[in-house]
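Structural overview
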Amino acid sequence: MSGYLLGDTDVDDTFAEAFPMRYARVVITAATDGWALEAARSMTGFATSVIGCKCEAAIERALASDETPDGRPGIGVLLFAMDREGVGKRIVERVGQSVMTCPTTACFDGLPGADSTSPLGATLRYFGDGFQASKVIAGQRYWRIPVMEGEFLVSESVGVGRGVGGGNLVIGAGDEDVALAAAEAAAGAMRGEGIALPFPGGIVRSGSKVGALTSKSMPASTNHQLAPTLRAQADDTLVPDGVGALFEIVIDGVSEEAVREAMRRGLHSAAGAGATRVTAANFGGKLGQFHFPLSDLRDPP
Amino acid sequence: MTLTLTLRTQPPARVFAAPLIPERLRGRGASAVEAIELRCGGETVAAGDLFEVSGAGTEEEALVLAGDLRQFDWIGARMSSGEIVARGDVGSWAGAEMSGGALRIEGDAGARLGAAYPGARVGMTGGEIVVTGNAGEEAGAGMRRGLVAVGGRTGNGAGLRMLAGTIIALGGIGDEAGLGNKRGSLASGSALEPLPSYTYATRFHPPALRMQLLRVRQLGLTVPDALLSGPWSRWSGDVTELARGEILIFDENEEGA
């Protein structure tokens, strides 16, 4: 595909195709930033793809003490699912299992004032077995759930916003070390306010296609067209000449603009870190509501 | 311009000041406010005879009462929205049975702050009361919801027959606190001997109280960092009721022990 050159990087004339998703943001605080991070890592574990994990979640960013509701160090976490009910179920499961269980934590709604909400503490409170209590503080209700350490404090509900899931970049280079370094640089540049990169380290090596060639029951299977080892085997290979490894970065964001700007940051960082080829995954434009042409990302951030 | 009533003469008797709440003054000009009749002893008196009125009732529902208001009872009573700032000491029953809004008293409050009316079971059901000075006896009596925050001390009997809600006294809570308390929270910034119907539970760092103290700081009281970081002792009671209430006592002396 003819696209444009960004330094020495070929950028394909293609687009990323993304979907509307619903999301919640929670703020996890703890006595130390280390414990807040432990809880956030646990909560966002096994949340890489809605296909296999029912949600996609990632750490958004670390929060200083003066940015959190209770004045302690914290972590912002974004969790995405296909609908509000999905967000609601997953957030209760994950806060219940990964945050409430973690020493010294509290968990707050990170989208106050959202049009739509889903219960959090209102459901988790039953773990208190009748000993729970609530407090309304500055108009917000919180639940105090007695635990062995003391009390777990959690917001009554979380706001549920409308976001975008599935923005992506596919980053390639002549060998896997260079391709990975470029992908790491891109992921580092993409992270920030309003962005979740749900895969390990923000990077996925096993990009998928919808369905499978050999099975009707598989919802997804390997993106064989971008598997370099199949270059000589698959008739429909799309692995460019000179590319020996590719990595995908999947981007979920709180808005179309947030995803686009993250892709822009990622593209330029990847180019600066040695990527020889950057492309994007799509489904021919027929499935996703949001299209992000790489040609729109030519100007640096 | 905020509606401001500045006291210009002391009333001849105690005044029932409940009509002076923002929601009843919304959109009223100075002359309309001056014409409001207040009970004063066995008589009625026009607000304009006692106060110099400036500004007008605003959509923001802010009202300032300025002066030595110790003769004025029921300030902010039954208010449900808006904000009253009393710049001076106030009488008894301030914020009684209020259900919303904010009452800020820049001075001392008399007895029965945020309490239930005589004979009523339920007192304050919402909103926030902040007192920069001290509060009198039986603050928060019958309280069901909301926050009473006192920068100084409360008198005896705070939280009498309290149903729920929170009373915080940074300077300390007086004796016989929380008698008949069902689910309410009392937090004392200094040592306190709880009633025998309370039982010591533990010493911990209460996360909800930390949030409330941050809110109190936001509302303008000076909350020392030490109170935020705790620890606090928790006493559960009143066993003559549900025993689901609590008295939290700042436990400074045992820090690091």
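All figures in this text were calculated on a predicted structure; none of them were measured in a lab.

Reading the values: rules and limits
Residues numbered from 1 in each chain as written. Chains lettered and ligands numbered in written order. Predicted model: local features only at pLDDT ≥ 70, side-chain atom pairs only at ≥ 80, totals over all residues. Helix = DSSP H or I, 4+ residues; strand = E, 2+ residues; numbered from the N terminus. Rg over C-alpha atoms; globule rule 2.2 N^0.38 Å. Buried ≥ 20, exposed ≤ 12 C-beta atoms within 10 Å, placed from the backbone. Contact = placed C-beta atoms within 7 Å. Domains from an automatic or database assignment. Nonpolar A, V, L, I, M, F, W, Y, C, P; charged D, E, K, R; others polar. Expected span 1.5 Å × (residues − 1). Pairing = 2+ DSSP bridges. Axes fitted to C-alpha atoms, helices over the stretch in contact; angles between N-to-C directions. Left-handed = near helix turned anticlockwise from the far one by under 90°. Parallel < 35°, antiparallel > 145°, perpendicular 65-115°, else oblique. Core = buried A, V, L, I, M, F, W, Y, C linked by C-beta atoms within 7 Å.

1. A word on the overall build of chain A
A count of helical and extended segments in chain A gives six helices and 17 strands. In summary, chain A has a C-alpha radius of gyration of 21 Å against a globular reference of 19 Å for 301 residues, a match within 12%. Principal-axis analysis of the C-alpha atoms places the extent of chain A at approximately 65 × 45 × 30 Å. When each of the 301 residues of chain A is scored for burial, the buried share is 50%. The long-range fraction of contacts in chain A, counting pairs at least 24 apart against all pairs at least 6 apart in sequence, stands at 72%.

2. Looking at the overall build of chain B
The number of helices and strands found in chain B is five helices and 16 strands. Relative to the 2.2 N^0.38 estimate, which gives 18 Å for 257 residues, the radius of gyration of chain B is 18 Å and therefore close to what a compact globule would have. If you line up chain B on its principal axes, its C-alpha atoms span 60 × 35 × 25 Å. Here chain B, with 257 residues, has 54% of them falling under the buried criterion.

3. Structural notes on the domain arrangement of chain A
How large an interface is tends to be reported as the accessible area lost when its parts come together. Residue and element names in this part refer to chain A. Domain parsing of chain A yields domain 1 (4-18 + 164-297) and domain 2 (22-161). Placing a centre on the C-alpha atoms of domain 1 and another on those of domain 2 gives a separation of 30 Å. Every contact between the two is made by 13 residues of domain 1 and, on the other side, 13 residues of domain 2. Looking at the side of domain 1 that touches domain 2, its residues break down into eight nonpolar, two polar and three charged.

4. Observations regarding helix H5 (residues 176-190) of chain A
Taking 1.5 Å per residue, 15 residues should reach 21 Å; H5 of chain A reaches 21 Å between its end C-alpha atoms and fits that length. Among the structural elements, strand S11 (157-173), strand S12 (195-196), strand S15 (245-253) and helix H6 (256-272) of chain A are those in contact with the buried residues of H5 of chain A.

5. Quick look at the domain arrangement of chain B
Residues and elements named next belong to chain B. Domains assigned within chain B are domain 1 (1-60) and domain 2 (74-254). On a C-alpha basis, the centres of domain 1 and domain 2 stand 28 Å from each other. Each partner contributes residues to the interface: domain 1 has eight residues there, and domain 2 has 13 residues.

6. Here we look at the sheet that holds strand S3 (residues 37-40) of chain B
Hydrogen bonds between backbone atoms are what pair the strands of a sheet, whose relative direction is either parallel or antiparallel. Residues and elements named next belong to chain B. If you trace the four strands from one edge of the open sheet to the other, you get S4-S3-S2-S7, paired in mixed fashion. Since the sheet does not close on itself, it has two edges, and those belong to strand S4 (43-46) and strand S7 (72-73), each with one partner. Relative to S7, strand S2 (residues 15-16) is paired through two bridges, and the arrangement is parallel. Within S7, the residue paired with Phe-16 across the bridge is Asp-73.

7. Some words on the sheet that holds strand S15 (residues 232-237) of chain B
Residue and element names in this part refer to chain B. Here we have twelve strands laid out as an open sheet, ordered S5-S1-S6-S8-S9-S10-S11-S12-S13-S16-S15-S14, and mixed in their pairing. In this open sheet, the two edge strands, each paired with only one partner strand, are strand S5 (51-54) and strand S14 (199-204). Neighbour-to-neighbour, the strand axes of this sheet turn through a mean angle of 15°, independent of strand direction. Direction of pairing for strand S11 (residues 147-150) relative to strand S12 (residues 166-169): parallel, over a ladder of four bridges. Pairing of Leu-147 across the sheet is with Thr-166, part of S12.

8. Describing helix H1 (residues 33-43) of chain A
For H1 of chain A, the full list of buried residues reads Ala-36, Glu-38, Ala-39, Ala-40 and Met-43 of chain A. Buried residues along H1 of chain A sit in contact with strand S3 (15-29), strand S4 (56-63), strand S5 (74-81) and helix H3 (84-99) of chain A.

9. What about the interface of chain B and chain A?
Taken together, the contact between chain B and chain A spans 14 residues of the former and 14 residues of the latter. Residue contributions to the side of chain B that touches chain A peak at seven residues, all from helix H4 (residues 207-218) of chain B. Looking at the side of chain B that touches chain A residue by residue, the classes come out as seven nonpolar, three polar and four charged.

10. Observations regarding the environment of Leu-186 of chain B
All names here are of chain B. Along the chain, Leu-186 turns up in strand S13 (residues 185-188). C-alpha separation for the pair Leu-186 and Ala-13, spaced 173 residues apart in sequence, amounts to 34 Å. When sequence neighbours within four positions are dropped, the list of residues in contact with Leu-186 reads Ala-158, Gly-159, Ile-167, Ile-173, Ala-177, Gly-178 and Ile-247.

11. Concerning the packing of H5 of chain A against H6 of chain A
All names here are of chain A. As a packed pair, H5 and H6 sit with axes 7 Å apart at the nearest point and diverge in direction by 150°. The interaxial crossing formed by H5 with H6 has right-handed handedness. Between H5 and H6, the contacting residues are Ala-182, Ala-183, Ala-185, Ala-186, Ala-189 and Met-190 on the first element and Ala-262, Arg-265, Gly-266, Ser-269, Ala-270 and Gly-272 on the second. In the contact of H5 with H6, the residues fall into eight nonpolar, three polar and one charged.

12. Some details on the pairing of S14 of chain B
Two faces belong to every sheet, and in a regular strand the side chains alternate between them. Residue and element names in this part refer to chain B. The buried count for S14 comes to zero of six residues, which makes it a mostly uncovered element. Taken together, the five bridges between S14 and S15 define a ladder with antiparallel strand orientation. Residue pairing for S15: Tyr-200 is matched across the bridge by Trp-235.

13. Topic: the packing of H1 of chain A against H3 of chain A
The angle between the axes and the distance between the axes are what describe a pair of packed helices. All names here are of chain A. Two elements in contact, H1 and H3, have axes separated by 9 Å at closest approach and are oriented at 135°. Considering their axes alone, H1 and H3 lie oblique with respect to each other. Every pair of crossing elements has a handedness; the one defined by H1 and H3 is right-handed. Contacts between H1 and H3 involve Ala-39, Ser-42 and Met-43 on the former and, on the latter, Arg-94, Val-95, Ser-98 and Val-99. Considered class by class, the residues forming the contact of H1 with H3 number four nonpolar, two polar and one charged.

14. Some words on unusual backbone geometry
Residue Pro-231 of chain B is reached from Gly-230 of chain B by a cis peptide bond, and omega for that bond is 5°. With respect to the element layout, Pro-231 of chain B can be found in the loop between helix H5 (225-229) and S15. The omega torsion across Gly-237 of chain B and Asp-238 of chain B is -5°, close enough to zero to call that bond cis. Even without glycine at this site, Phe-46 of chain A takes up a positive phi of about 45°. Within the secondary structure, Phe-46 of chain A is located in the loop between H1 and helix H2 (50-53).

15. As for the environment of Leu-65 of chain B
Residues and elements named next belong to chain B. As for its placement among the helices and strands, Leu-65 is situated in strand S6 (residues 62-66). According to the C-beta neighbour criterion, Leu-65 is buried, with 23 such atoms within 10 Å. With ten residues separating them along the chain, Leu-65 and Ile-75 place their C-alpha atoms 9.3 Å apart.

16. Some points on the nonpolar core
Within the largest apolar cluster, 167 residues are counted, with the highest numbers of intra-cluster contacts made by Ile-28, Val-154, Ile-171 and Ala-270 of chain A together with Ile-75 of chain B. Counting residues per element, this core draws most heavily on S3 of chain A, which supplies eight residues. The residues touching Ile-75 of chain B, leaving out its near neighbours within four places in the chain, are Ala-17, Leu-20, Leu-65, Leu-69, Ile-84, Ala-86, Val-90 and Ala-94 of chain B.

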